[in-house]
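Below, each chain spelled out in residue letters.
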Amino acid sequence: MRPENQSTYEFLLMGLSEHPEQQPLLFGLFLGMYLVTVWGNLLIILAIGSDVHLHTPMYLFLANLSFSDIGFISTVIPKMLNNIGSGSKRISYGGCLTQLYFFGLFADLDNFLLAVMALDRYMAISQPLHYAITMNSQRCILLVAGSWVVTTFHALVHTLLVTRLSFCGPNVIPHFFCDLVPLLKLACSSTHVNDLVLILVAGTLLIAPFVCILTSYFYIALAILGIDSPKGKQKAFSNCTSHLSVVSLFYTTAIGVYLCPPSSPSGGKDRVFSVMYTVVTPLLNPFIYSLRNRDIKGALGKILRRNMFNTLSWD
């Protein structure tokens, strides 16, 4: 197929299951998970925005993480639900590239924001006297803006490189969304440049934040062990448990997809792990941060009480 005809090309997304009797269950399950994820993360953003006591670096990063998670899951789930509901597995060439771009953007953004949050916890626990000066508002905005700029550029590079490829043979993607690696396997033209950029650029941008997180928590652990008071140790550790839980879930499942060899050509294992970090992680984030964080619970309580009061006043 010549490059000028690529816009008419279509891909087929295999989805999570090929059994028709399982489709209604999958539709209801993922619709429910999607709605809970969006509303949960919106509540986190609303709570942080409405409470001036939460206008701090840690909650600025958390609000951006919640926004990123909404974008992350919205890139994948609506199209999957549409395909299940319509009984079609098709996705257009343009739709696939659009999904590829936004998936790469929000996945990378989650990665960078988790690293920034780990750095913030390191400064708060290991360098408490210098925390206010080091993590000032200008620097926090610079870290968030820098994360957005780098991830936007990174996702754009991979998407533009895919537009150079020709697709003329098999069009079945053994996944429930257009991921880069299975997409490259369908190309008729050489993917040498794409593979090189994936290894050099993507590898660096993914590994660097992960190393930053590991290094930050190594020094955090040393700082906590150096605290004499048991209550002080418990308080310092409790400040990190929510973030550490999210980091563990995100990276273990992402590593399972991209670094471990596939268990079968159908990519069943990849799809299971992908569900974990594209759907389950954004779903659990609001619960992890709201249930384990007094400030968030307090802000959400104020919002609920205010709404109840307004409702009673109107009555």
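Quick summary incoming for the structure in this document. (Residues numbered from 1 in each chain as written. Predicted model: local features only at pLDDT ≥ 70, side-chain atom pairs only at ≥ 80, totals over all residues. Heavy atoms only, no water.)

**Some thoughts on the packing of aromatic side chains**
In this structure the tally under the stated criterion is 12 aromatic pairs. A ring pair is formed by phenylalanine 11 and phenylalanine 167, whose centres lie 5.2 Å apart and whose planes are at 85°; its orientation type is edge-to-face. With phenylalanine 11 in strand E1 (residues 10-13) and phenylalanine 167 in the loop between helix H5 (137-163) and strand E3 (172-173), this residue pair connects regions lying 156 residues apart in the sequence. What makes phenylalanine 167 buried here is its relative accessible area of 1%. Judged by centre distance (6.4 Å) and plane angle (20°), the rings of phenylalanine 102 and phenylalanine 106 are stacked. One end of the pair, phenylalanine 102, and the other, phenylalanine 106, are both in helix H3 (residues 93-126), four residues apart, so they sit about a helical turn from each other. Among the aromatic residues, those joined into a ring-pair cluster are Phe67, Tyr101, Phe102, Phe106 and Trp148. (Phe/Tyr/Trp six-rings, centres within 6.5 Å; stacked < 30°, edge-to-face > 60°. Helix = DSSP H or I, 4+ residues; strand = E, 2+ residues; numbered from the N terminus. Buried < 20%, exposed > 50% of the residue type's maximum accessible area, 1.4 Å probe, protein only.)

**Description of the environment of phenylalanine 210**
On the secondary structure map, phenylalanine 210 appears in helix H7 (residues 192-225). In this structure phenylalanine 210 comes out as partly exposed when scored by relative accessible area, which is 25%.

**Here's the deal with empty space enclosed by the protein**
Scanning the entire structure with this criterion turns up one cavity of 30 Å³ or more. Computed from the structure, the largest cavity encloses a volume of approximately 30 Å³. Looking at the largest cavity, the residues that line it are His158, Leu161, Val162, Leu180, Leu184, Asn194 and Leu198. Broken down by secondary-structure element, the contributors of at least two residues to the lining of the largest cavity are H5, helix H6 (180-184) and H7. For the lining of the largest cavity, the element with the most residues is H5, which contributes three residues. Of the residues in the lining of the largest cavity, the class split is five nonpolar, two polar and no charged. (1 Å grid on protein atoms, 1.4 Å probe; cavity = no way out; pocket = protein on both sides within 12 Å on 5 of 7 lines; lining within 4 Å. Points joined across faces, edges and corners; volume = space filled by probe spheres on them. Nonpolar A, V, L, I, M, F, W, Y, C, P; charged D, E, K, R; others polar.)

**A short note on the side chain of asparagine 194**
Assignment of secondary structure puts asparagine 194 in helix H7. Reaching out from asparagine 194, the side chain makes a polar contact with the backbone oxygen of leucine 161 at a distance of 3.3 Å. If we ignore the near neighbours within four places in the chain, the residues touching asparagine 194 are Leu161, Val162, Arg164, Leu165 and Leu184. (Polar contact = N/O pair within 3.5 Å; in protein donor to acceptor, adjacent residues only side chain to side chain. Contact = heavy atoms within 4.5 Å.)

**Details of the pattern of salt bridges**
Summed over all chains, the structure comprises two salt bridges. Put simply, aspartate 120 and arginine 121 hold a salt bridge, and the shortest N to O gap is 2.8 Å. Comparing aspartate 120 with arginine 121, the two get one shared label, buried. (Salt bridge = Lys/Arg side-chain N within 4 Å of Asp/Glu carboxyl O.)

**Quick word on helix H2 (residues 57-86)**
Taking 1.5 Å of rise per residue, the 30 residues of H2 would be expected to cover 44 Å, and the 44 Å separating its terminal C-alpha atoms lies within 8% of that figure. The largest bend in H2 amounts to roughly 35° and is located at serine 74, with the proline proline 78 lying one to four residues further along. In terms of burial, H2 is largely enclosed, as 21 of its 30 residues are buried. Glycine 87, located one to two residues past H2, shows a positive phi value of around 75°. (Expected span 1.5 Å × (residues − 1). Bend = angle between axes of the 7 residues up to and from the residue.)

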